[in-house]
Amino acid sequence: MNGIITDIFRTSIVDGPGIRTTVFLKGCQLRCIWCHNPETQSMKIEKDYGRLIDSETIVAECVKDRIYYDETDGGVTLSGGEPLMQPDFALEILKRLKELGIHTTLDTTGVAKISIYKKALKVTDLFLFDYKVTDSKSHFSLTGSRKEPIMDTFNFLISNNAKIILRCPMIPGVNDEVEHLTTISEMEFKYPSLVEINILPYHTMGNAKYEKLGRPVDPSLPKENIPNKLKEYYLSFFKIRGNKKVILKD
Amino acid sequence: MATKREIDMLGLDYALKFTAAYQQGSKQNKYIRETLCEDLQFPAVLVSPRTTDILCGKRMYPEVGYSPQYGGMGYYFDATSWEGENAVVNYTSDELLEWNSLKKFWETEATAVKCFNSFSYEIKNRLWDKYDGGNVLRHPAYPLYRMAGLQMDYKKLIDNGIIGLELEINQLIEKAKDDEAKMFYTSAIKSVKRIRTCISHYILDAEKLPATEKKRKMVAALSGLLDHAPKTFHEGIQLILLVQTITGTINFGRMDIVLGNLLVNDLDNNVMTWEEGIEIMQNFYTILEEEIWHFDARIIVGGLGRTNVAAADKFAMLAMETTDSLSLPMPQVSLRFYEGQNPELLEKAYDVIGNGKTFPMLYNDDVNVSAVEKAFHVDRQTAEQYLPFGCGEYMIDKQSCGTPNVIINLQRCLELAMNNGRCLRFNDQRSPDYGNIETYTNIEQLWSAYENTVNYFLEAGAKGQESIYKITGQECPFSLISVLYDDCLAAGRSIFDGGIKYLGGTCETYGNNNTADSLTAIDELIFKASKYSGAELLTALKANWEDFDSIHKSFKDAPKFGNDNDIADAMQARVHEQVCLGTTTAAKETSLHHWLVVIINNNHNTLWGKETSASADGRKNGEPLAPGNSASAGADKSGLSALLNSQAKPDPTIHAGAVHNVKLSANFPKKNRNLYHSLFRSYFKKGGTQTMVTVTSRADLEAALETPEKYANLLVRVGGFSARFIDLDKPTQMEILSRTEH
C-alpha cells in the first residue's frame, strides 16, 4: 500500500523508548502555530518535501535496525504530521511491524475518528498523545482545531487501557499559562495509567523549514529557544505539586 | 603540536661528522656503518628532561640522520633548514658550499633515493617519484619511503632488561653460523650497549635538575636499569620510552601485557600508589604528545591473546583514566575487546569517549581476530597478536612490519577510466587509455576500465613495496629493532635482510567511498534510467558542476553509502572487494608474505581532494574525499544506525584495517548514557570492526573558529589521528564541520 512520507529517520532517541526508527507521514488536520514540522502539514508532495512510498519498503527499512531495538527496548514510531490522516497506510505499517514482533509507537494529535483509533489500539504498543492547550477557545485559535473531539479520543484510549505518554509542547507566552500547567499536573493524578508526561520546550529548529517552504514564522512565537531559567520554573512547578511522571525533554 | 614534524637543527659540524662516519662505514659493511652513525647520533640527539618530567626520552631528528621513518627513511638528509625560501639559518658562503657538497653526496646516498633508483622503469613510470609530503598530489598513486609500523618485543625487553639482552647476544656471537650473522650480532650487542650509554647520559642530565622528589625518582629508575631488568612500573615504562626514543619506532603496542605485572606488583607492595601511577602516565603522555606525530603513538590495551589478563586490565584502566584526566590528542589509546572480557574496560572506554577525549578507539576482537587470520594467512594464535598502529593499519606484534609504502586515490582512477586515462582538469595522460564514458553502454564497461586502471597502479605498487624492503635490508640493519623482533637473532639476520618472520606491508587507499557513490550514481542515472548521457556528465564534471545545477542535484541525490541503502552499499562492497583483492593479487608477483589494503586516513583525504576533479557523487573539485571507511561529508542522512550498518558491511577478512569516524552530538552520551552504550554494543554485535568517535557539538566547533583561544581542549578525530580542532588547517576544520553530527 502506498502513502506519502517526508522522512524515515533512524536512531531517533526522542520519539519513544530506546533506539527507534521514526517515520514521518505527511498530512495534518491541525495548524499549530508553533509546529516544528510544517513540511508535514500538507498531504501533497512539495518541492523539497515528500515522496510516495510503499508500506512494505518502509517496513523493510525499519527491520534493518531490529538488533538496535532489541538491545534498547526500542522500536518504530509513526509521527508526522498526523499519521492517521493516512489511516490505511499507517495501520498497515503498524500491523506489519507488530507481526514481526517490533514495538510500535503512534505519535498522534488525537484528531482522527474514534473508529480509526479502535483499529490502531490493536497494533500500537504506545501512544504519544499531544496535549497542547487547556482553554478551549485558545485551543481552536492556536491549533485550528476543536479541543473536544481530541479529548474524546484521549478518554477513549484511556478507557481502553492504552499505554500513553502525554506530550505537551510548551511555548512561552503562548500556551504556558498557570491554568494549563495546573491541568497537566492534575492529569497525572486523574489518569494513573499514564506512562509519562513529557514537557517539550519550544525550540526554533523548525524555522529553517518555514523559510524553505516560503512561509512566515508566526510573529507571536519566541525568537529564541526556551531559556534554562524557564525550564527550571516548569520543573519546580510540577515538583511542588508532587508530580513524579513529568519529564522535561530537550 | 603541528601535524607535520619539522626537522631539528644540529648544524653543519654535526652533519659533516655524521657524513664522515657514514663514508667510513660504507668502506666496510652496513653493520659497522650503522654502529658508527648510531654512535654519533647517540646521545647527541637526545633532549634533556625538564624539571616537570619524571621520565627521560626525547630526541631530535637533525638535518642528517638515521631512522626508520622520522626525519626520513634509513639514512636521510633534509636541507629545508638551510636552503630554499624558508631557510631558518643564514650560513656564510663557505658554509653553504660545504652544505652543498653534503647535499650532492646525499642526493645519491640517502636510502630513500636508493630505493627510488632501484625501481624498474615500470614502477617509476606508474608511481610518481615526486611525493612532496602531500602538498601537490596530481598523480593517482605514489610510493612512500618509510619503515612505519614496527612493533618491538617490549615484553622481552622488560623481562630481560639490558643485561639479559647482552647475555643472549654474547652467547649467540660465539656460535654464529656465518660471517654475516657474526657481523649482525656484533652490531646488535653494540646497539644494546648504546641503551646504557643513553641512560648514563640521562643520569648526568638529570643530576643537573633541581633537587625534587621527581628528580630523585627519575635518577633512581635510570640507575636501576643499568643494574637489573625493570623491577618497578617506573623502571619499566622508562626503559620502553628510552628504547622507543633510540629506535624511532613511535608506537607502543600492547603495553597492558608488558607493564601490567609491574603495575600490580607495585600497587600490591605499596611501592607506588594509583595516583603516583597516574602521575607517571601523565608525564609519559605529555612527552609523547610533544615528541610524536599525531598519526602514531598507539597504545593498545585489552583484547584476546593476553595471559596476564587481570594485571593487564589494571593497566588498561590506568591508561584510560590518564586519557580522561588530560585533554591531549595523544597518545592514541586503543581498546581491543571481546565477548567475555571484563566489562569495566568497555564501560570506562565509552565514558572517556563520551567526555570528548576521542580515545580510546574501539576494536572488536570477535570480528578482527578471525579477519586477521584470513587476511594475513596466519594461525589464530598469531592473529590474536594483531596490532593497530599509526592511523589504523594492522600488523602482527613483533613479527611483521605494517608499513604502507604506497598510497592510491581510487576516485582519481575512476576519473581516468572515464576519460581515456586522462585527468579531467588538465587533460594530461596518467594511465593507459581504457576507454571513455561517452562510449560505454553499460556499467560493466566502465567497471572494467576502472578495474584495469586500479590494477595498473597496484601492480607497480606491490613491486615498489618489495623493492623498498629489499634496499632497506641491504642498507639498514636496524640492529636494536632486530634484537627485539622475533626470529632475527635466531636467524642471525637483521630485520629486513631475512630476519623478520612475515615480510609484508600495506597500501593506503583513498576516496574509496566517493568512488563507490560515483559509480552508483552513474549506474542509476546514466545506464539504468538513461536520464543523462556520459558526455553530459563529463561536461558537467569538467566544469566542476558550475552552471549544471539540475544534473548536479540528480547526482547528489543518488543513493549514497552510509545510509544502509542496499544499492549504494552493494557498489561500495564491490569497490572494496576489487581494491582489496587487486592488492593481494598484485603481491603474488612479489616475494611479499602479504600486501594488504588499509582504509585509513591521515589528512590525505583533504589534501588529495584539492587535486581530484569533480566527481559523479556530486563532490566538487577541492572538496575533501571521504575519510577512511566513512560516508562522504553530509551524505549519511538516515541516522546513526544506518551509518553504522553500512560501515559494518564491507568484508573485514581481506584487508589490514579500516577506520570509521562517527561524530556524535555531546548531548547524546551525556543524557542518554545507556542508549549510547547499547547503540555501539549493537553495532559490534552486527559485525562492526572498529569505531572512533568524536563527541562534540556543531556550536562548539563553530565557536572555536571564532574564538580559538577559548577552545584549546576541543579534540576531534580527523581520520586516523586526533587533534586539537584549533590546530588544524582551515580546509581540515571545514571538512570536520561538514560531517554529519548524529
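This text follows the structure it describes.
Here's what I pulled together on the structure shown here. (Residues numbered from 1 in each chain as written. Chains lettered and ligands numbered in written order. Predicted model: local features only at pLDDT ≥ 70, side-chain atom pairs only at ≥ 80, totals over all residues. Heavy atoms only, no water.)

1. Here we look at the packing of aromatic side chains
Summed over the entire model, instances satisfying the criterion amount to 42 aromatic pairs over all chains. Ring plane angle 65° and centroid distance 6.2 Å describe the contact between Tyr 233 of chain A and Phe 237 of chain A, whose orientation is recorded as edge-to-face. Separated by four residues within a single helix, Tyr 233 of chain A and Phe 237 of chain A lie in helix H9 (residues 228-240), roughly one turn from each other. Tyr 233 of chain A sits in the partly exposed class, given a relative accessible area of 35%. Judged by relative accessible area, Phe 237 of chain A falls into the buried class, the value being 5%. A network of ring pairs unites the aromatic residues Tyr 14, Phe 18, Tyr 22, Tyr 66, Tyr 75, Phe 105, Trp 106, Tyr 469, Phe 478 and Phe 496 of chain B as a single cluster. Here Lys 124 of chain B stacks its cationic end above the ring of Phe 116 of chain B, 5.1 Å away from the centre of that ring. (Phe/Tyr/Trp six-rings, centres within 6.5 Å; stacked < 30°, edge-to-face > 60°. Helix = DSSP H or I, 4+ residues; strand = E, 2+ residues; numbered from the N terminus. Buried < 20%, exposed > 50% of the residue type's maximum accessible area, 1.4 Å probe, protein only. Lys NZ or Arg CZ within 6 Å of the ring centre and 35° of its normal.)

2. Focus on the side chain of Glu 735 of chain B
Residues and elements named next belong to chain B. As for its placement among the helices and strands, Glu 735 is situated in helix H30 (residues 730-738). Taking the relative accessible area as the measure of exposure, Glu 735 reaches 3% and is therefore buried. Dropping the residues within four chain positions of it, Glu 735 is found in contact with Asn 605, Thr 606, Pro 624, Pro 627 and Val 718. (Contact = heavy atoms within 4.5 Å.)

3. Side note on the nonpolar core
Counting residues in each nonpolar core, the largest one holds 238 residues, and the members touching the most others are Phe 233, Phe 315, Phe 555 and Phe 680 of chain B. Top element by residues in this core is helix H17 (residues 443-475) of chain B. It accounts for 14 residues. Filtering out sequence-adjacent residues up to four positions away, Phe 680 of chain B remains in contact with Tyr 350, Leu 644, Val 662, Leu 664, Thr 691 and Val 693 of chain B. Counting 63 residues, the second-largest nonpolar core is a separate cluster that includes Ala 112, Leu 181, Tyr 191 and Leu 221 of chain A. (Core = buried A, V, L, I, M, F, W, Y, C linked by side-chain atoms within 4.5 Å.)

4. Quick notes on the interface of chain A and chain B
Facing 15 residues of chain A, the contacting portion of chain B comprises 23 residues. Buried area between chain A and chain B, both sides added, is near 1,500 Å², and the carbon and sulfur share of it is 52%. Across the contact surface, chain A and chain B share four salt bridges. With its nearest N and O atoms 2.7 Å apart, the salt bridge here joins Lys 685 of chain B to Glu 71 of chain A. (Buried area = accessible area lost by both parts, 1.4 Å probe. Salt bridge = Lys/Arg side-chain N within 4 Å of Asp/Glu carboxyl O.)

5. Quick notes on the packing of helix H3 (residues 87-99) of chain A against helix H4 (residues 114-123) of chain A
All names here are of chain A. Close contact between H3 and H4 brings their axes to 9 Å; oriented N to C, the two are set at 20°. Here H4 runs roughly parallel to H3, going by the angle between their axes. The chirality of how H3 crosses H4 is left-handed. Between H3, through Pro 87, Leu 91, Leu 94, Lys 95 and Lys 98, and H4, the contact on the second element is made entirely by Ile 116, Lys 119, Ala 120 and Val 123. Residues of the contact of H3 with H4, tallied by class, amount to six nonpolar, no polar and three charged. (Axes fitted to C-alpha atoms, helices over the stretch in contact; angles between N-to-C directions. Parallel < 35°, antiparallel > 145°, perpendicular 65-115°, else oblique. Left-handed = near helix turned anticlockwise from the far one by under 90°. Nonpolar A, V, L, I, M, F, W, Y, C, P; charged D, E, K, R; others polar.)

6. Quick word on the environment of Trp 293 of chain B
Relative to the helices and strands, Trp 293 of chain B resides in the loop between helix H11 (274-291) and strand S6 (298-302). Placed 298 residues apart in sequence, Trp 293 of chain B and Ser 591 of chain B show a C-alpha to C-alpha distance of 31 Å.

7. With respect to the pattern of salt bridges
Scanning the model with the defined rule gives 61 salt bridges over all chains in all. Of the charged contacts, one joins Glu 99 of chain A and Arg 96 of chain A as a salt bridge, the two residues approaching to 2.9 Å between their closest N and O atoms. One end of the pair is Glu 99 of chain A and the other is Arg 96 of chain A, both in helix H3 and three residues apart, which spans about a single turn. Residue Glu 99 of chain A is classed as partly exposed on the basis of its relative accessible area of 49%. Here Arg 380 of chain B and Glu 373 of chain B are joined by a salt bridge, their closest N and O atoms 3.9 Å apart. On the basis of relative accessible area, Arg 380 of chain B is assigned to the partly exposed category, the value being 39%. Overlapping salt bridges, with partners in common, bring together Arg 10, Glu 61, Lys 64 and Asp 65 of chain A together with Asp 564, Asp 566, Asp 569 and Lys 649 of chain B in one network.

8. What to know about the environment of Asn 427 of chain B
Residues and elements named next belong to chain B. Here Asn 427 shows up in the loop between helix H16 (410-418) and H17. Distance in space between the C-alpha atoms of Asn 427 and Lys 542 is 9.9 Å, their sequence separation being 115 residues. With residues near it in sequence (within four places) discarded, Asn 427 still touches Asn 419 and Arg 422.

9. What to know about the side chain of Lys 663 of chain B
All names here are of chain B. Along the chain, the position of Lys 663 falls in strand S14 (residues 661-665). The buried charged residue Lys 663 lacks any salt bridge partner; its closest oppositely charged side chain belongs to Glu 741, at an N-O distance of 4.7 Å. A polar atom in the side chain of Lys 663 sits 3.1 Å from the backbone oxygen of Arg 739. Apart from the residues lying within four places of it in its own chain, the contact partners of Lys 663 are Thr 694, Thr 696, Leu 701, Ile 736, Leu 737, Arg 739, Thr 740, Glu 741 and His 742. (Lys, Arg positive; Asp, Glu negative; His and termini not counted. Polar contact = N/O pair within 3.5 Å; in protein donor to acceptor, adjacent residues only side chain to side chain.)

10. Considering the sheet that holds S14 of chain B
Residues and elements named next belong to chain B. Taken in spatial order, the five strands make up an open sheet running S6-S7-S8-S15-S14, and their pairing is mixed. In this open sheet, the two strands that pair with only one neighbour each are S6 and S14. Recorded for the sheet is a direction-independent mean angle of 25° between the axes of neighbouring strands. Pairing of S6 with strand S7 (residues 332-337), which is carried by five bridges, proceeds in the parallel orientation. Within the sheet, the bridge partner assigned to Ile 300 lies in S7 and is Ser 334. (Pairing = 2+ DSSP bridges.)

11. Here's the deal with the pairing of strand S7 (residues 164-170) of chain A
Residue and element names in this part refer to chain A. Here S7 lies mainly inside the structure; seven of its seven residues are buried. Taking every second residue as pointing to the same face, both faces of S7 are buried, with Ile 164, Leu 166, Cys 168 and Met 170 on one and Ile 165, Arg 167 and Pro 169 on the other. Relative to S7, strand S6 (residues 126-130) runs parallel, the two being bridged by four bridges. Counted as the bridge partner of Asp 130 is Arg 167 from S7. Taken together, the six bridges between S7 and strand S8 (residues 196-201) define a ladder with parallel strand orientation. Looking at S8, one finds that Arg 167 is bridged to Asn 198.

12. What about unusual backbone geometry?
The omega torsion across Gly 80 of chain A and Gly 81 of chain A is 10°, close enough to zero to call that bond cis. Here Gly 81 of chain A shows up in the loop between strand S4 (75-79) and H3. Note that the residue after Phe 359 of chain B, namely Pro 360 of chain B, is joined by a cis bond; omega there is -5°. Within the element layout of this structure, Pro 360 of chain B appears in the loop between helix H13 (343-354) and strand S8 (361-364). Residue Asn 427 of chain B is not a glycine yet carries a positive backbone phi of 60°. Assessed through its relative accessible area of 43%, Asn 427 of chain B is described here as partly exposed.

13. Structural notes on the packing of H17 of chain B against helix H24 (residues 566-587) of chain B
Residue and element names in this part refer to chain B. Their axes nearest at 9 Å, the elements H17 and H24 cross at an angle of 35°. Here the hand of the crossing between H17 and H24 comes out right-handed. Within the contact between the two elements, H17 uses Ile 443, Glu 444, Trp 447, Tyr 450, Glu 451, Val 454, Asn 455, Leu 458, Glu 459 and Ala 462 and H24 uses Met 571, Arg 574, Val 575, Gln 578, Val 579, Gly 582, Thr 583, Ala 586 and Ala 587.

14. A short note on helix H9 (residues 233-247) of chain B
The terminal C-alpha atoms of H9 of chain B lie 21 Å apart, and with 15 residues this matches the ideal 21 Å at 1.5 Å per residue to within 8%. Residue Gly 248 of chain B follows H9 of chain B closely and has a positive phi angle near 65°. (Expected span 1.5 Å × (residues − 1).)

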